[in-house]
Amino acid sequence: MAFHKPQKIAELTIETGVTKTKLPFSHLLLLGFLGGAFIALGYLLDIRVIGDLPAEWGSLANLLGGAVFPVGLILIVLAGAELITGNIMSVSMAYFAKKVSLGNLVHNWFWITLTNLVGALFVAYFFGHVVGLTETGHYLDKTVSVAQSKVDSSFLQTFVSAIGCNWLVCLAIWLAYGADDFIGKIAGIWFPIMAFVAIGFQHVVANMFIIPAAIFAGGLTWIDFIRNIIPTFLGNVVGGAIFVGLLYYYVYYKQANQVQKPRKNS
């Protein structure tokens, strides 16, 4: 499987960030909706896999759920969609490289976050609530218990957990950009995403599905949702824009370009 060195991945990521800010507005909205829906479908699959497993399986259930969750990001990267957590890395790197403006960044982040929410709510309501995939038997118990664990964390705990989450998510996307073929991209995505899910880190779009699914089932409230989403989003920004975007921009793009520039004669 062919792959790129980190310096090339940095260039590809910046180019991708620029492209994302130039999407036609209608495309931005539609792809953002799909991004939220794909992550929600991955989480729905997770719930359907682990919801009926015996309690004695313990953390093995988390591993099995984590093993199927990556289908959401695989669809986003390979089929095509927009996800705010990935855009936090790519668009911020384009901004650090002075390829896009702060206004471009804010516009992209705002609309992708909003449309990701719509896509996640769509899956939570129609597939989870109307069809009943998250509201029957053990699946209801698992949905509510997982959502409750998300909202029970303090602001600081949620914020720090969200940093770890998007650190791994953006590394998954980084690895996907480094591969030239489908198998390589899937392998690059799979393991970091499986890790964040099995660990239990907080992902803003995933939470846009699981917490509303519990709300539609009567288990939580929209106040719980808001209290969770704010620190989760902020932590995801730090994890993606700083721990991946800024660090890799500095090491693999800014420093590399400075080394390549010829020195002027004194």
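Up top is the structure these notes are about.
Calculation rules
- Residues numbered from 1 in each chain as written.
- Predicted model: local features only at pLDDT ≥ 70, side-chain atom pairs only at ≥ 80, totals over all residues.
- Heavy atoms only, no water.
- Core = buried A, V, L, I, M, F, W, Y, C linked by side-chain atoms within 4.5 Å.
- Buried < 20%, exposed > 50% of the residue type's maximum accessible area, 1.4 Å probe, protein only.
- Helix = DSSP H or I, 4+ residues; strand = E, 2+ residues; numbered from the N terminus.
- Contact = heavy atoms within 4.5 Å.
- Polar contact = N/O pair within 3.5 Å; in protein donor to acceptor, adjacent residues only side chain to side chain.
- Patch = residues over 30% accessible without salt bridge, like charges linked within 9 Å, V, L, I, M, F, W, Y side chains within 5 Å.
- Areas by Shrake-Rupley, 256 points an atom, 1.4 Å probe, with all protein chains shown as cover.
- Salt bridge = Lys/Arg side-chain N within 4 Å of Asp/Glu carboxyl O.

(A) Here's a closer look at the nonpolar core. Ranked by size, the top nonpolar core spans 66 residues in total, and within it I193 and F209 carry the most contacts. If one sorts the elements of this core by residue count, helix 10 (residues 204-216) sits on top with ten residues. Apart from the residues lying within four places of it in its own chain, the contact partners of F209 are A40, Y43, L44, A120, V123, A124 and T134.

(B) Main features of the side chain of T113. One can find T113 in helix 6 (residues 102-130). With a relative accessible area of 16%, T113 lands in the buried category. Within the local environment of T113, its side chain forms a polar contact with the backbone oxygen of W109, the two atoms lying 2.7 Å apart. Other than its neighbours up to four places away in sequence, T113 contacts I84, M208 and F233.

(C) Representation of a nonpolar patch on the surface within the structure. The grouping of L41, F122, Y125, F126, F127, V130 and V131 at the surface amounts to a nonpolar patch, some 590 Å² of accessible area in total. The biggest single contributor to the nonpolar patch is helix 6, with five residues. Tracing the sequence through the fold places V130 in helix 6.

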